[in-house]
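Architecture at a glance
Here is what each chain is made of, one letter per residue.
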Amino acid sequence: MPRQLPLGDAPLTGKQPVWDLPVRLVHWTLAGLVVFSWWSVHNHHTDWHIWSGIAILTLLLFRLMWGFVGSSTARWTGFIRGPRTVVDYLRGRWTGIGHTPLGALSVIALFLAVAVQVGLGLISEDEDGLYYGPLASLVSPATSDWARDLHETWFETAIVGLVALHVAAIIFYRLRGKSLTLPMVTGKAALDRRAAPMRRGKWWVALICLALAFAIARWVVAGAPPFGA
Amino acid sequence: MRIQVVAAVAVVSLSATGVALAALPKGKALAIMHERHEGMEKIGDTNKLLSREFRSGTPFAPAVKSGAATLAGLAKRSSGWFPAGTGPEMGKTGAKPEIWQNQRDFAAKLVAFQRAAAAFNAAAASGDMGAAKARYADLGGTCKACHDSYRSEMHH
């Protein structure tokens, strides 16, 4: 096989589906809620901040499940690969659609970072003891205070850092002539002809995942185990 | 209520005009700010324990009574915590300068807090945990009302 540059000069075909609607909705809603969470907590809307976090929890739960039963490009097994594949990709020897082996690392890091952030938020309470995450009663005030401090530090370092990397990668690819943003809006992209097309997940499976995600989030809001400590 | 607000305004603004009369000595100002910080922290810590009691569904009455008494005592002392000259211009504090720009409003909110703390303490002392929970919610409202306008984030 001829050696190729990894960035968009593989033989392309016409526009084909690459991201399904659930993936796109989760992506943009998550982006919006992260910004809203940051804004609300710095503008005396801690209650909105907490609900925003619970909405993010719901999104993560949905996305986790959709990663097992969704479209081929949404599945964890479809894009979690070993270091060898990442090296192959960097050498231009990777053909496929969906997350590239390198991009997949970024997706997983972002997902985990946001999950940690939500977990810390759930057990946090504010300095005055006036606002608290739904699971704060399960831990001591000292632990809640510790979680709140770490929640803030984690945002300023891990979340901001990964978001910056994410945006930098988008700009990098854009400068090399490949738009990543447009496919995340339209769901379609010009794809490598040699790659298998996306297998689409079923809409009713997505609805079941969403219902389950809401149910679990509702249980957490109630204070978890047997509804509160 | 009205008399209390007038009195509280008098205390806060007297110290404001005190800038012209005789500025608060720096040592005194810092001592008050320290007492205020410790007091607010104690209010917060007490509040965290109380909120856990009420959220448990079965509040432990002696813990609620003791917490309510602590809050009522600190609330009373808070009258002396905000003389002019103890804002961010003097040192590190979560107190916003707006406190001394809107003295009447601030004093009214401080009095509302003190009255709510006293009412919660009375309800807790009576042993009626249902009533105590309702008064506790009112009290939390007065904390938020004031902090929304007059408390800044403070890192330490």
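Residues numbered from 1 in each chain as written. Chains lettered and ligands numbered in written order. Predicted model: local features only at pLDDT ≥ 70, side-chain atom pairs only at ≥ 80, totals over all residues.

**Examining the overall build of chain B**
For chain B, the helix and strand inventory stands at six helices and zero strands. Ordered by position from the N terminus, the helices and strands of chain B form the series α-α-α-α-α-α. In chain B, which comprises 156 residues, the share counted as buried stands at 33%. Put simply, 74% of the contacts in chain B that link residues at least 6 apart link residues at least 24 apart. (Helix = DSSP H or I, 4+ residues; strand = E, 2+ residues; numbered from the N terminus. Buried ≥ 20, exposed ≤ 12 C-beta atoms within 10 Å, placed from the backbone. Contact = placed C-beta atoms within 7 Å.)

**Brief notes about the environment of A:Leu60**
All names here are of chain A. Mapped onto the elements, Leu60 comes out in helix α2 (residues 46-69). As a C-alpha pair, Leu60 and Trp19 span 41 residues in sequence and 17 Å in three-dimensional space. If near-sequence neighbours (up to four positions away) are discounted, Leu60 is found in contact with Val114, Ala115 and Val118.

**Examining the environment of B:Asp45**
Checked against the element boundaries, B:Asp45 lands in helix α2 (residues 26-55). As for B:Asp45 and B:Ala123, which are separated by 78 residues in sequence, their C-alpha atoms are 20 Å apart.

**Comments concerning the interface of chain B and chain A**
On the side of chain A, 11 residues touch chain B, which itself brings 15 residues to the contact. When residues of the side of chain B that touches chain A are traced back to their parent elements, those giving at least two are α2 and α6 (129-150) of chain B. Here the side of chain B that touches chain A takes eight residues from α2(B), the largest share from any one element. Residues that form the side of chain B that touches chain A fall into these classes: two nonpolar, seven polar and six charged. (Nonpolar A, V, L, I, M, F, W, Y, C, P; charged D, E, K, R; others polar.)

**Let's talk about the confidence of the model for chain B**
Looking at chain B as a whole, the pLDDT averages 89, with 85% of positions reaching at least 70. We note a pTM of 0.86 for the whole complex and an ipTM of 0.79 for its interfaces. (pLDDT = per-residue confidence, 0-100.)

**Quick look at helix α6 (residues 141-175) of chain A**
All names here are of chain A. With 35 residues, α6 extends 49 Å between its outermost C-alpha atoms, agreeing within 8% with the 51 Å of an ideal straight helix rising 1.5 Å per residue. Considering bend angle alone, the principal kink of α6 is centred on Trp154 and spans about 40 degrees. Taken residue by residue, α6 has Ser144, Ala147, Arg148, His151 and Phe155 as its buried positions. The inward-facing, buried residues of α6 contact α5 (101-122). (Expected span 1.5 Å × (residues − 1). Bend = angle between axes of the 7 residues up to and from the residue.)

**What to know about the packing of helix α1 (residues 21-41) of chain A against α2(A)**
Residue and element names in this part refer to chain A. For the pair α1 and α2, interaxial distance at closest approach is 9 Å and the crossing angle is 155 degrees. When the axis of α1 is compared with that of α2, the two are roughly antiparallel. The chirality of how α1 crosses α2 is left-handed. Here α1 contributes Pro22, Val26, Thr29, Leu30, Leu33, Phe36, Ser37, Ser40 and Val41 to the contact with α2, which in turn contributes Thr46, Trp48, His49, Ser52, Gly53, Ala55, Ile56, Leu59, Phe62, Arg63 and Trp66. Partitioned by chemical class, the residues of the contact of α1 with α2 number 12 nonpolar, seven polar and one charged. (Axes fitted to C-alpha atoms, helices over the stretch in contact; angles between N-to-C directions. Parallel < 35°, antiparallel > 145°, perpendicular 65-115°, else oblique. Left-handed = near helix turned anticlockwise from the far one by under 90°.)

**A word on the packing of α2(A) against α5(A)**
Residue and element names in this part refer to chain A. Packing of α2 against α5 leaves a shortest axis separation of 10 Å and a crossing angle of 135 degrees. By the angle class used here, α2 and α5 are oblique. Crossing of α2 against α5: the hand is left-handed. Mapping the contact onto sequence places Gly53, Ile56, Leu57 and Leu60 in α2 and Val114, Ala115, Val118 and Gly121 in α5. Residues of the contact of α2 with α5, tallied by class, amount to six nonpolar, two polar and no charged.

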